[in-house]
Amino acid sequence: MQGNTSILNLPKDEFVHPGNRACSGCGLSIAYRIGLKALGRETILVVPPSCLTVLQGLYPIASTKLPCVNVTFASTAAAATGVLGALRAMNRKGVQVAAWAGDGGTGDIGIQALSGAAERGDDFIYICYDNEAYMNTGVQRSGTTPHGALTTTTPIKGKPQGKKDVPAVMAAHNIPYVASCSAACPLDLFDKIQKAKTISGTKYIHIHTPCPSGWGFDPRYTVKMGKLAVESGLVDLYEIENGCFRLTGTSKSLLAGKKMKDIEPYFRSQGRFKRLSNEDISQLRRTVTNKWETYRKTYEA
Amino acid sequence: MTNEAVTGKFSYSRPGPGDGGRTGSWRVLKPVMDYGRCTPARKQTEACFLCWLYCPEGVISREVPPTIDYEYCKGCGICAEQCPTGAIQMVEETGKDPKEE
Amino acid sequence: MHIIESGNVAAAMGVQLSRAQVIAAYPITPQTPLTEKLSELIESGDMNAEYIPVESEHSALAVCIAASTAGARAFTATSANGLLYMHEQVHWAAGARLPIVMCVVNRGVGAPWTIWNDHQDAMSQRDTGWIQMYACDHQQIIDTVIKAFRLAETVRIPVMVCYDGYLLSHTYMPFEVPDSNRVDGFLPAYEAERFLDPENPANFNTVTLPEPRPDLQGHTMPGYMEFRAMLQDDMRRVLKTAADIEETFAAQFGRGSDPYIETYRCEDADYIAVCLGSLAYRFRDVVDDLRQEGIPVGVAAVRLYRPFPDQAICERLGHAKQLIVFEKAVSYGYQGPLCADVKAALYNSTNDKEQRSEVSGYVLGLGGRDIKTLDLLNALRTSCSPQSASAPLQWLGLKNQE
């Protein structure tokens, strides 16, 4: 993957004001801060109800230095389409549209509008920050909540179902760019957003976003937790460009032979997984192993 | 017939800091930098800046040396955890001005 | 230019003349020919607009809301369950003070499924803060669409233009197509004061607290309730603005009527039928027949339903002994919404019960139940007798099983 931006090359401009209402150690804050550096000043944001709404602030103060329209929960992608329609109709050039929504607002209630927009090929970047539950409303389970996770609506037995693979759903729409990222790997995220900016059509970027409040770990480990997910082969950094899949960053290194960490420390260090049994972990380990075997057979390092 | 102004008749927010107030007051632990270990501080050049990269609030400056804005720092500790040289320690928040300490 | 066309095409031509810039719509009977016509006009180049084929009505209005926030003139159209599906967005557009125009091609709502005309769909949106106007014929459809854009952009409140599904949407009538240049003079380009703009970054419609809150300069900004109170105040002021716009339109195009109520033989009427939409024009034959029998009866079409022209109702109709409301909707558990609104208006106008008109209500035509002129005649004749007690809700045309 081209790019490979280093810390010293990152734009210095900040697009988010401090003193906002995000939790201490919020993974979204990192992704949002670096993501907006990648998007740049000529951007209109579209945001549904989510943690980001809270981060963005209560009337009349906004923490984001970019224009943003707040929309209803199910309509993020449709609203992004609407902004684009207006820009075209009014011949306003040089402005891009980026939607930022949570996992629920993307893969559950928002999937219909997103699918419609992808089918139309509407030219915006859709960024899903996946903290794996409806965190803003108090940690209720969502489609992307992983198997076994305790949430306030799966409080005793943990989620019985598995994690919905939203990037795969988006890839099935044959859009030109789908990427999987992590808030703990912001330089990889930066490069992917920058690449998405150069592509016409619907671009989808999924960011695995550790959430200390909802996942049950000390906020100081947000980045460490996110990296651990990637280093254990659970969360993969990849891009699918015109249907062509390739791993990036640490995931690419794992494919090339870098030693993969075991998954157990990731699960055992989060309060939400305390109901996972050893059998559950073994099952998950097998799933990850199988996935990587398939990767090795299918893709070159 | 002129159009009636709609300014002020719907929710319209302007950018600025401190929507959540002085979020520095959230802290229980406070990051303190040891410039003896901090790479850009020691080498007196732009280098590392991992603390600046990972700070969720963006309250660490990308300067030589990096400084922390304690007005808004929420004390998450990510900077301390991610610093490769252990130059940042989380110490108990006493409520005193760090310069006094 | 006079043409003979369907009500849906009349609406589409109104949208074309109004130079809507962003159109998002989802097909639903009986609105479909309207959006089909717009697609044809855009694809052929006869209309310069962005047509967005959305995947649901909820998204249709979402597109319009976002497009309007970005500064474009936006339009959508729907019926029945499609309108219900976008209900959340209907509230949103009003609270966001966006000058969107929507045609509602009136159709009954499920369950059970119906595709035929009644007013339950638009009635369900009555309290959302949208201006709601009803057209009685094709000329009014095309004219009202154009006036709606002007009104919406003047007061920054979205406008719903309602017309009867099938009865108007699919029937063919002659009407005049306003001259395009004259429409441009009447309806200048939309200029949003505030819109999404990287040069002027701001966050639109974010969470607003119950209490007022200072901004960064220390000015106290409204809380949620203040915004809603502003919407209410501005809605009431629409009564004046709608009248002004009606006057301007009449001066420029040579036709128009009362902005609130269109009356027929009401001035000396003791009994007045009150209704919405095309039914009012059907009543004119009934009124003429009863007048021949010596019964002093008239019919009033309510053209502007929200904001409710309570004062006009009282002034223009309050002299009658009885008002008989014929409507195609019910507020289940109570009575017809128009009937209740009329009564409330009269109640507020005078405390003297002797002075106040009696009000009766009929519900008819639900799910497209055929309305027979003879039934209208008999019902009105019955209600017009001095012995007839006012009944809050009677069904007309109901066919109970034997």
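Predicted model only: the values in this text are computed from it and were never measured.

Quick look at the overall build of chain A now. Summing up its helical and strand segments, chain A has 12 helices and 9 strands in all. The globule rule puts the C-alpha radius of gyration for 301 residues at 19 Å, and the 18 Å found for chain A is close to it. Dimensions along the principal axes, computed over C-alpha positions, put chain A at roughly 60 × 45 × 40 Å. Within chain A, the fraction of its 301 residues that count as buried is 62%. Within the structure as shown, chain A displays about 10,600 Å² of accessible surface, and the carbon and sulfur contribution to it stands at 53%. Within chain A, the 24 negative side-chain charges are centred at a point lying 3 Å from the centre of the 36 positive side-chain charges.

Next up on the list: the interface of chain A and chain B. With 42 residues of chain A in contact, the opposing surface of chain B contributes 38 residues. Note on chain A versus chain B: buried area summed over both sides is about 3,100 Å², and carbon and sulfur give 56% of it. Per-residue buried area on chain A facing chain B is highest for Ile7(A), Arg33(A) and Arg220(A); these three make up 21% of the total on that side. With a shortest N-O distance of 2.8 Å, Arg21(A) and Asp19(B) are connected by a salt bridge. Put simply, chain A and chain B have 21 residue pairs in polar contact (both at pLDDT 80 or more) between them. Counting residues per element, the ones that place at least two in the side of chain A that touches chain B are helix H1 (27–39), strand S2 (61–62), helix H7 (186–197) and helix H9 (222–231) of chain A. Broken down by element, the side of chain A that touches chain B gets its largest block of residues, 5 residues, from H1(A). Looking at side-chain class alone, the side of chain A that touches chain B contains 22 nonpolar, 10 polar and 10 charged residues. Relative to strand S1 (residues 12–15) of chain B, S2(A) is paired through 2 bridges, and the arrangement is parallel.

Another aspect to go through is the pattern of salt bridges. Following the criterion strictly, the structure yields 53 salt bridges over all chains and no others. For Glu14(A), the salt bridge goes to Lys37(A), with nearest N and O atoms at 2.9 Å. Residue Glu14(A) is located in the segment before H1, and its partner Lys37(A) is located in helix H1; the two are separated by 23 residues in the primary sequence. In this pair, the class of Glu14(A) matches that of Lys37(A), namely buried. Among the salt bridges present, the one from Asp234(C) reaches Arg97(C), with a minimum N-O distance of 2.8 Å. Here Asp234(C), found in helix H9 (residues 224–253), pairs with Arg97(C), found in the loop between helix H5 (87–95) and strand S5 (101–106); they are 137 residues apart in sequence, far enough to count as distant. The pair formed by Asp234(C) and Arg97(C) is uniform in burial state, with each residue classed as buried. Ionic contacts of the salt-bridge type, sharing partners, join the residues Asp130(A), Glu132(A), Lys163(A) and Arg272(A) into one network.

To continue, consider the interface of chain B and chain C. Each partner contributes residues to the interface: chain B has 18 residues there, and chain C has 29 residues. Note on chain B versus chain C: buried area summed over both sides is about 2,300 Å², and carbon and sulfur give 50% of it. For the pair chain B and chain C, the number of links is 2 salt bridges. Put simply, Asp19(B) and Arg213(C) hold a salt bridge, and the shortest N to O gap is 3.0 Å.

Ordered by their spatial adjacency, 11 strands build an open sheet running S2(A)-S1(B)-S9(C)-S3(A)-S1(A)-S4(A)-S5(A)-S7(A)-S6(A)-S8(A)-S9(A), and the pairing between neighbours is mixed. With one partner strand each, in any of the chains shown, S2 and strand S9 (244–247) of chain A form the two edges of the open sheet. Relative to strand S8 (residues 238–241) of chain A, strand S6 (residues 177–182) of chain A is paired through 4 bridges, and the arrangement is antiparallel. Paired with Val178(A) across the strands is Ile240(A), a residue of S8(A).

Residues and elements named next belong to chain A. Among the secondary structure elements, Ala80 is positioned in helix H3 (residues 76–89). What makes Ala80 buried here is its relative accessible area of 0%. Sequence-wise, Ala80 and Leu247 are 167 residues apart; in three dimensions their C-alpha atoms are separated by 28 Å. Apart from the residues within four sequence positions on either side, Ala80 is in contact with Val46, Val97 and Phe124.

Time to look at helix H1 (residues 7–17) of chain C. Residues and elements named next belong to chain C. Among the 11 residues of H1, 10 are classified as buried, and the element is accordingly described as predominantly covered. Within H1 the residues assigned to the buried category are Gly7, Asn8, Val9, Ala10, Ala11, Ala12, Met13, Gly14, Val15 and Leu17. Phi turns positive, to about 55 degrees, at Arg19, one or two residues after H1.

Residues and elements named next belong to chain A. A full pass over the atoms with the stated rule returns 24 aromatic pairs over all chains. Look at Tyr266 and Phe273: their rings are 6.5 Å apart centre to centre, the planes differ by 45 degrees, and that puts the pair in the tilted class. Exposure class is identical for Tyr266 and Phe273. Each is buried. Measuring from ring centre to ring centre gives 4.9 Å for Trp292 and Tyr295, while their planes differ by 90 degrees; the resulting arrangement is edge-to-face. One end of the pair, Trp292, and the other, Tyr295, are both in helix H12 (residues 278–298), 3 residues apart, so they sit about a helical turn from each other.

Of the residues in chain C, 99% reach a pLDDT of 70 or more, and the chain-wide mean stands at 96. Across the whole predicted complex the pTM is 0.96, and at the interface the ipTM reaches 0.95.

Okay, the pairing of strand S3 (residues 50–53) of chain C next. All names here are of chain C. Inspection of the sheet shows strand S2 (residues 22–25) paired to S3 by 4 bridges, in the parallel sense. Looking at S3, one finds that Ile23 is bridged to Tyr51. A crossover links S2 with its parallel partner S3, the connecting element being helix H2 (residues 32–43), and its sense is right-handed.

Right, let's get into the packing of H1(A) against H7(A). Residue and element names in this part refer to chain A. At a minimum axis distance of 8 Å, the contact between H1 and H7 shows a crossing angle of 35 degrees. Where H1 crosses over H7, the handedness of that crossing is right-handed. Residues Ala31, Ile34, Gly35, Lys37, Ala38 and Leu39 of H1 form the contact with H7, whose own contacting residues are Pro186, Leu189, Phe190, Ile193, Gln194 and Lys197. Across the contact of H1 with H7, the residue classes tally to 8 nonpolar, 2 polar and 2 charged.

This part is about the nonpolar core. Among the nonpolar cores identified, the biggest contains 172 residues, and Val83(A), Leu34(C), Phe75(C) and Ile131(C) are the most heavily contacted of them. When residues in this core are grouped by element, the largest group, 9 residues, is from helix H7 (residues 138–155) of chain C. Val83(A) has contacts with Ile44(A), Val46(A), Val69(A), Val97(A), Ala66(C), Ala67(C), Ala70(C) and Leu196(C), leaving out every residue within four places of it along the chain. Core analysis: the next-biggest nonpolar cluster, separate from the first, contains 44 residues, Leu45(A), Ile205(A), Tyr54(B) and Cys76(B) among them.

Residue and element names in this part refer to chain C. Across the sheet, 6 strands lie side by side as S12-S14-S13-S16-S17-S18; this open sheet has mixed pairing. Each edge of the open sheet carries a strand with a single partner, namely strand S12 (261–264) and strand S18 (394–396). Within the sheet, the average angular offset between the axes of one strand and its neighbour, ignoring direction, is 25 degrees. Bridge count between strand S13 (residues 271–275) and strand S14 (residues 297–302): 5 bridges; the pairing is parallel. Residue Cys275 lies in a different strand from S14, and its bridge partner there is Ala301. Sheet strands touched by helix H13 (residues 373–383): S13, S14, strand S16 (322–327), strand S17 (358–364) and S18. Its angle to S16, the strand with the most contacts, is close to 150 degrees.

Reading guide: rules and limits
Every chain is numbered independently, its residues counted from 1 as its sequence is written. Chain letters start at A and ligand numbers start at 1, both assigned in the order the entries are written. For a predicted model such as this one, the threshold for reporting local features is a pLDDT of at least 70, and the threshold for listing and counting side-chain atom pairs is 80 or more; totals across whole chains, interfaces and linings nevertheless cover every residue. Side-chain measures were taken over the full set of non-hydrogen atoms in the model, leaving aside hydrogen atoms and water. For helices the rule is a DSSP run of H or I covering at least 4 residues; for strands it is a run of E covering at least 2, with both sets numbered from the N terminus onward. For a compact globule the rule gives 2.2 Å times the number of residues to the power 0.38, and the radius of gyration it is set against comes from C-alpha atoms. Each residue is placed in one exposure class: buried if its accessible area under a 1.4 Å probe, protein chains only, is under 20% of its type's maximum, exposed if it is over 50%, and partly exposed if it falls in between. Each accessible area is a Shrake-Rupley estimate made with a 1.4 Å probe; only the visible protein chains count as cover when residues are assessed. The positive count covers Lys and Arg only, the negative count covers Asp and Glu only, and His and the chain ends enter neither. Just so you know, the charge point we use is NZ for Lys, CZ for Arg, CG for Asp and CD for Glu. Note on contacts: a residue pair is in contact if any heavy atoms of the two residues lie within 4.5 Å. Two parts placed together each lose some accessible area under a 1.4 Å probe, and adding up what both lose gives the buried area. By convention in these notes, a salt bridge is any Lys or Arg side-chain nitrogen within 4 Å of a carboxyl oxygen on Asp or Glu. Within 3.5 Å is the distance limit for a polar contact, defined as a pair of N or O atoms, with the added protein rule that one can donate a hydrogen and the other accept it, and that residues adjacent in sequence qualify only through two side-chain atoms. Residues are sorted three ways: Asp, Glu, Lys and Arg are charged, Ala, Val, Leu, Ile, Met, Phe, Trp, Tyr, Cys and Pro are nonpolar, and all the rest, Gly among them, are polar. Strands qualify as paired when DSSP identifies two bridges or more between them. Each aromatic pair joins two rings of Phe, Tyr and Trp (for Trp, the six-membered one) with centres within 6.5 Å, and gets the label stacked for planes under 30 degrees apart, edge-to-face for over 60, and tilted for any other angle. The predictor attaches a confidence to each residue, and that confidence, scored 0 to 100, is pLDDT. Looking down the strands as they point away from you, a crossover is right-handed if its path from the first strand over the helix to the second goes clockwise. To get an axis, fit a line to the C-alpha atoms, keeping to the stretch in contact for a helix; angles then go from 0 to 180 degrees between the N-to-C directions. Should the near helix be turned anticlockwise from the far one by less than a right angle, the crossing is termed left-handed; should it be turned clockwise, right-handed. Note on terminology: a nonpolar core comprises buried Ala, Val, Leu, Ile, Met, Phe, Trp, Tyr and Cys residues joined through side-chain atoms within 4.5 Å.

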